[in-house]
Amino acid sequence: MRYEITELTNMVLVIDKKNNKVLVEDRKNQNWPGYTFPGGHIEEDESFTVAAQREVFEETGLHVHNLTLNGIKQFSMTINVRFMCLLYSTTEFSGSLKSSAEGKVFWMNLDDLLANNRLADGLADVVKIMTSPELSEVQYSGKNPKFY
């Protein structure tokens, strides 16, 4: 098979180096609730980076700049349908933080976030990809993630 339907999304780790915190979103969506990073779907004909910037702004009120693509999270949803999330990070942002209908947003220490029992499913794996230069992908096959 050369082609399959792919749902394209993004997620952005926004880092406040000055205060040693990361931007967290407490998602309200019952399909994937919990603490995560801002992000969302890539619209038709939209650049991946522009989509990530747009999603962060819509969900947090912040404009993010100089995004780095850190890796990919992916899994098969059904036969011939794949979910792919492009994982970005940045330390450059401007604007005023405000929550949205997606959920409350706030700054948190990364270690405190990882120790929290309210993490969205798979977020610890996403953090591993985003913070480990030797890794670029997490693929879910069954319940066990594979890191590459």
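Up top you'll find the structure we're talking about.
Read on for an overview of the structure. Everything quoted here is computed from the prediction, not taken from an experiment. (Residues numbered from 1 in each chain as written. Predicted model: local features only at pLDDT ≥ 70, side-chain atom pairs only at ≥ 80, totals over all residues. Heavy atoms only, no water.)

## Focus: the packing of aromatic side chains
Scanning the model with the defined rule gives four aromatic pairs in all. Look at Phe-75 and Phe-83: their rings are 4.8 Å apart centre to centre, the planes differ by 20 degrees, and that puts the pair in the stacked class. Phe-75 gets classed as partly exposed once you look at its relative accessible area, which sits at 26%. Centre to centre, the rings of Phe-93 and Trp-107 are 5.3 Å apart; their planes meet at 35 degrees, and the pair counts as tilted. Taken together, the residues span a long stretch of sequence, with Phe-93 in strand 8 (residues 92–95) and Trp-107 in strand 9 (residues 103–108) at a distance of 14 residues. Phe-93 sits in the partly exposed class, given a relative accessible area of 28%. Accessibility expressed as a relative area gives 27% for Trp-107, which makes it partly exposed. Residue placement shows Lys-128 over the ring face of Phe-147; its charged tip is 4.1 Å from the ring centre. (Phe/Tyr/Trp six-rings, centres within 6.5 Å; stacked < 30°, edge-to-face > 60°. Buried < 20%, exposed > 50% of the residue type's maximum accessible area, 1.4 Å probe, protein only. Helix = DSSP H or I, 4+ residues; strand = E, 2+ residues; numbered from the N terminus. Lys NZ or Arg CZ within 6 Å of the ring centre and 35° of its normal.)

## Points about unusual backbone geometry
Although it is not a glycine, Asn-20 sits at a positive phi angle of roughly 55 degrees. Turning to its location among the elements, Asn-20 is positioned in the loop between strand 1 (5–16) and strand 2 (21–27). Classification of Asn-20 as exposed rests on a relative accessible area of 55%. Of note, the phi angle at Asp-45 is positive, near 65 degrees, even though the residue is not glycine. One can find Asp-45 in the loop between strand 4 (39–41) and helix 1 (48–60). Owing to a relative accessible area of 82%, Asp-45 belongs among the exposed residues under this scheme.

By themselves, these are just geometric observations and shouldn't be taken as functional.
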